[in-house]
Amino acid sequence: MTPGVPDEMRAWVVREERHGDPVTAMKLETVPVPRPGVGEVLLRVKAAGVNYNHVWACRGKPVSISQLHPDEPLHIGGSDAAGVVAAVGPGVRYWKVGDEVITHPNQSCGQCAACNGLEPLSCMHQKAWGFETSWGSFGQYARVQAQQLLPRPKRLSWAEAACYGLKLFTAYRMLFVSADVKPRDRVLVWGASGGLGSYAIQLCRAVSAVPICVVSSAEKESYCRTLGAELFIDRNDFPYLSDPTPSAGPTDGMRQFRRELRALTGGEDPEIVFEHVGAQTFPTSLFVARRLGKVVICGATSGYQLTFDARYLWMHQKQIVGSHGCNQHDATRANALVEQGVIKPTLTRTFGFEHAALAHQQVLEDPTTHGSYAIVVD
Ligand SMILES: NC(=O)c1ccc[n+]([C@@H]2O[C@H](COP(=O)([O-])OP(=O)(O)OC[C@H]3O[C@@H](n4cnc5c(N)ncnc54)[C@H](OP(=O)(O)O)[C@@H]3O)[C@@H](O)[C@H]2O)c1
């Protein structure tokens, strides 16, 4: 190993026997520092980003960590890192010890036809680093594939640099690759003040598309205004957006929501609906999307068994587009927007390393949460 790299480190570990809320599931342990294999890099983590996926990992739902990576009994989560290259494995060409970097979270085998010509996200071995793999960023050292590395934007602090990768890169792919957003498109953004939403607003603004933001408080609306948003719907005014009996057609609540939306847009339905809430909102998303419009979805915070009235799908020729993470190209393009100052990291709170579990509990429990959180590791 490279001189100066210790044999052991402190890391926040989740083990299957303590699956539960983050404050129960996450424990600080002393574990071996991982060794970088072929094409891999060891990072000295300076800061780690907080993402909702680690709440899923802590709870072991919908899949437990033993199903995510059966060969690794311990789970060190964390899908966003900013840090310094501490060691490189055999075959690493473009990075060297001392480079300051951030990460994107997509891992793939790098050797199959999908990785070499089609799309690494369709690789049979594709995984979200720090969620479907261990040795993520919630330790003093993390092990990544070299292709995950991106240069750290120089003017950002470590915490700012760590807070945005997964969320921004996912939102970038959802809008620019999966939904093909165009200037003047209207984009309905659920959870607009949250991690994904706060970048969706900025990305829409960057191409002169119009974000229509769903929020749940005046404070969250004010926050979205600082990112350039102008049109808002408070979801507290529309408590019945899910549709327990799709055979009965759209509910009154869904029709009221569409009326409000049309009042904001001068009668136009959104070309794109930016979905990640799932069960509670999906029936409305499909209903309100414009004819020939797209519902682009990457998550399901409120439940992943979705219902919708399929007549609105085929008769109005809408599309439901799944989108997951990003590839290296998406991440590189999106990171350049940060480097250029077009996209600002939405860091709203920084936690010390010893408070990593608390940070995740906050994401789970606190309805006032907005923007992005980071954990300073060093
Ligand atoms: N597949 C991928 O690659 C990928 C990548 C990133 C994230 N995700 C997933 O996407 C989801 C969102 O991630 P995030 O980082 O943006 O989380 P977040 O920061 O916690 O934001 C989620 C937002 O959703 C809104 N929300 C929560 N429950 C809702 C409900 N019942 N109805 C309407 N809105 C609700 C909340 O906004 P208001 O209360 O203001 O409405 C909240 O701000 C998570 O499930 C995450 O796992 C997937």
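Residues numbered from 1 in each chain as written. Predicted model: local features only at pLDDT ≥ 70, side-chain atom pairs only at ≥ 80, totals over all residues.

1. Here's the deal with the site of the ligand
Applied cut-off: Using a C-beta atom placed from the backbone for every residue, we mark a residue as near a molecule or strand if that atom lies within 6 Å of it. A run of H or I in DSSP counts as a helix once it spans at least four residues, and a run of E counts as a strand once it spans at least two, with each numbered from the N terminus. Just so you know the grouping, Ala, Val, Leu, Ile, Met, Phe, Trp, Tyr, Cys and Pro go in nonpolar, Asp, Glu, Lys and Arg go in charged, and all remaining residues, Gly too, go in polar. Throughout the structure description, domain borders are defined by an automatic or database domain assignment.
In the region of the ligand, 30 residues are neighbours, and G191, G194, G195, S216 and G299 sit closest. For the shell around the ligand, the secondary-structure elements that each account for two or more residues are α6 (165-178), α7 (195-206) and β11 (210-215). Of the residues in the shell around the ligand, the class split is nine nonpolar, 18 polar and three charged. Both domain 1 (8-166 + 326-376) and domain 2 (180-322) contribute no fewer than three residues apiece to the shell around the ligand.

2. Some remarks on the domain arrangement of the protein chain
A common way to state how big an interface is: give the accessible area lost once the parts meet. The line we're drawing: By the criterion used throughout, residues are in contact when their C-beta atoms, derived from the backbone, lie within 7 Å.
For the protein chain, the domain assignment lists domain 1 (8-166 + 326-376) and domain 2 (180-322). On the side of domain 2, 13 residues touch domain 1, which itself brings 14 residues to the contact. Split by residue class, the side of domain 1 that touches domain 2 holds seven nonpolar, six polar and one charged.

3. So, the environment of V215
Looking at the element boundaries, V215 is found in strand β11. Separated by 20 residues in sequence, V215 and R235 place their C-alpha atoms 6.1 Å apart. Once you skip the residues sitting within four places of it in the chain, V215 turns out to touch A192, S193, K220, E221, C224, F232 and D234.

4. Comments concerning the packing of α6 against helix α12 (residues 328-339)
Stated precisely, the cut-off is as follows: To define axes, lines are fitted to C-alpha atoms, for helices over the stretch in contact only, and angles between the resulting N-to-C directions are given on a 0 to 180 degree scale. Roughly parallel refers to an angle under 35 degrees, roughly antiparallel to one over 145, roughly perpendicular to one between 65 and 115, and oblique to any angle outside these ranges.
In contact at an axis separation of 9 Å, α6 and α12 are set at 105° when each is read in the N-to-C sense. Regarding the angle of α6 to α12, the classification is roughly perpendicular. Residues L168, F169, Y172, R173 and V177 of α6 form the contact with α12, whose participating residues are D330, A331, R333 and A334. Here the residues of the contact of α6 with α12 sort into six nonpolar, no polar and three charged.

5. Observations concerning the sheet that holds β11
To be explicit about the condition: We call two strands paired when DSSP finds no fewer than two bridges between them.
Taken together, six strands build an open sheet; the order of strands is β12-β11-β10-β13-β14-β15 and the sheet is parallel. In this open sheet, the two edge strands, each paired with only one partner strand, are β12 (231-234) and β15 (319-322). For this sheet the average axis-to-axis angle between neighbouring strands, irrespective of direction, equals 20°. In this structure, strand β10 (residues 186-189) lies alongside β11, joined through four bridges in parallel fashion. Following the sheet pairing, L188 is matched in β11 by I212.

6. So, helix α13 (residues 356-365)
How we decide: To sort residues by burial, count the other C-beta atoms lying within 10 Å of each one's C-beta; a count of 20 or more means buried, 12 or fewer means exposed, and anything in between means partly exposed. C-beta atoms are built from the backbone. What the arc covers is the set of directions going from the helix axis to the C-beta atoms.
Burial in α13 covers these residues: A356, A357, A359 and H360. Buried residues in α13, looked at end-on, bunch into an arc of 160°, giving them a common side. Residues of α13 that are buried make contact with β1 (8-14), α1 (22-25), β2 (26-32), α2 (53-59), β16 (347-352) and β17 (372-376).

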